[in-house]
Amino acid sequence: MSPTLATLLTILGIGFLLHRDARQEAAHSPALWIPVLWLCVTGSRFVSQWMDLGQSLEPTQGDGSPIDAVYFLALILAGIWVLAKRQIDIGQLLRNNVWLVLLMAYGFLSIAWSDFPFIAFKRWVKTLGHPVMALIILTDPAPLNALRLVLKRCGYFLLTVSVLFIKYLPEYGRGFDAWTGEAINRGVGITKNDLGYMCMVLGTFFVWNALTIRRGAVPQAPRHEILLSIVFIWMALWLLQMSNSATSTMTLALAVGSMLAVGSRLVNKRHVGTYVVVAVLLAAGLQSGFHVYEGVIEMLGRDPSLTDRTVVWADVLAMQDRPLIGFGFESFWLGSRLDTLWEKWWWRPNQAHNGYIETYLNLGAIGVALLAMVLIATFRRITRLMTTDFDLARLRLALLFAIIAFNYTEAAFKAVHFVWTIFHIIAIDVRDPPAQDTKRDA
């Protein structure tokens, strides 16, 4: 098939799927396009990079293109306008999400001791997009269906265009790995890991979508919706194989495995939290006694240093001389520190490739502690939701596990990262207190 014909068929296919959903989901707010536009760009390439499609993509210092800044700011302002019209109870929202609010507030406070306060401030403003996009979905009259529609639309673009780029437009969808110099497939992303985490999130979603429809949890969904989900699951798996991203493969398996496990009749939904704690302790014991993790890494064809990540971790941790408070919001990878690392590493790293170390570098031990509390609070909220809204809780739990594991080798708790937005969607609680209403969707 010629590239021109393949491109035309892809565009027509996406158009057909969007038109089909518009007929089925006519009651949903047009505002849902705002998080779709946010996620499609953060899950692929920024607007300036799409405009320079085919050009070399090199990491730089500073804070990116003004085109991207305008794009993200416009979406944030549009989202705030939508939320203002919905008249959200801000006080209740803050009380429901106190640890996430404290983490964001501390990030803002840390701008004061950043060596680059203006850049840090601009980056902090961009991260407001995460809770704004999440709230547009979660405050929809039918939040679960809104989430389903948003992720389906993202899948239509990100997965299908990635297949198009790899198979028929390789000048856009293929490149060379900055770590190894090997030829890679990256689809609509910048690196193979970008393609990997996009497949991990969307693959998890489409598996969940098929499971919920199969068990009749979506009465209005046509039965052939399962077939559509299977097609996109196949796309995600094929792209994941093409990306050769071990981290995303493992995290997708973890997410799907956890969904299947909690859906088993043998599992008491009221005790999911206990099961998880026992599983974590068991895994820690196996690792301590038998070094299971290293064996899994070697089985996946990776070296124990995680392609030199452990060496980079040692380098950046040695440069941390503000262990309590860090270097300020998104400020470590700037100035002389970045110059020093780029002199040593030819592939010019611009992140720690570990979300917890990245947080420690920027926000110090205080930031890591706040992040840990956010993760714990999110997990506790999800386990409580298991008995009142199982389908939503199952998806949230699967994505939470995947995101926690993913951040061991990639830094996603930062910037305008696709995975960081997904985390806010599963972490933010907009419900009334349980004593008032335990039946409502989160």
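Residues numbered from 1 in each chain as written. Predicted model: local features only at pLDDT ≥ 70, side-chain atom pairs only at ≥ 80, totals over all residues. Heavy atoms only, no water.

Peer 1: I keep staring at the side chain of Asn-407 and nothing clicks. Help me out?
Peer 2: Mapped onto the fold, Asn-407 is located in the loop between helix 19 (390-406) and helix 20 (418-427). The class of Asn-407 is buried, set by a relative accessible area of 0%. The residues contacting Asn-407, other than those within four sequence positions of it, are Asn-354, Gly-355, Tyr-356, Ala-412 and Phe-413. (Helix = DSSP H or I, 4+ residues; strand = E, 2+ residues; numbered from the N terminus. Buried < 20%, exposed > 50% of the residue type's maximum accessible area, 1.4 Å probe, protein only. Contact = heavy atoms within 4.5 Å.)

Peer 1: Teacher, can you tell me more about helix 9 (residues 143-167) here?
Peer 2: Residues spaced three or four apart along an α-helix point in a common direction, a consequence of the helix completing one turn every 3.6 residues. Here helix 9 is 25 residues long and its end C-alpha atoms lie 36 Å apart, about the 36 Å a rise of 1.5 Å per residue gives. For helix 9, the buried fraction is high: 22 of the 25 residues fall into the buried class. (Expected span 1.5 Å × (residues − 1).)

Peer 1: Help me understand the packing of aromatic side chains in this model?
Peer 2: Within the structure shown, the criterion is met by 21 aromatic pairs. Consider the rings of Tyr-71 and Phe-72, whose centres lie 5.7 Å apart with planes at 75°: the pair is edge-to-face. For Phe-72, a relative accessible area of 1% corresponds to the buried category. Both rings, one in Tyr-356 and one in Phe-413, keep their centres 5.5 Å apart while their planes meet at 65°; by these two values the pair is edge-to-face. Of this pair, Tyr-356 sits in helix 18 (residues 355-385) while Phe-413 sits in the loop between helix 19 and helix 20, placing them 57 residues apart in sequence. Positioned above the aromatic ring of Trp-50, the side-chain terminus of Arg-45 is 5.7 Å from the ring centre. (Phe/Tyr/Trp six-rings, centres within 6.5 Å; stacked < 30°, edge-to-face > 60°. Lys NZ or Arg CZ within 6 Å of the ring centre and 35° of its normal.)

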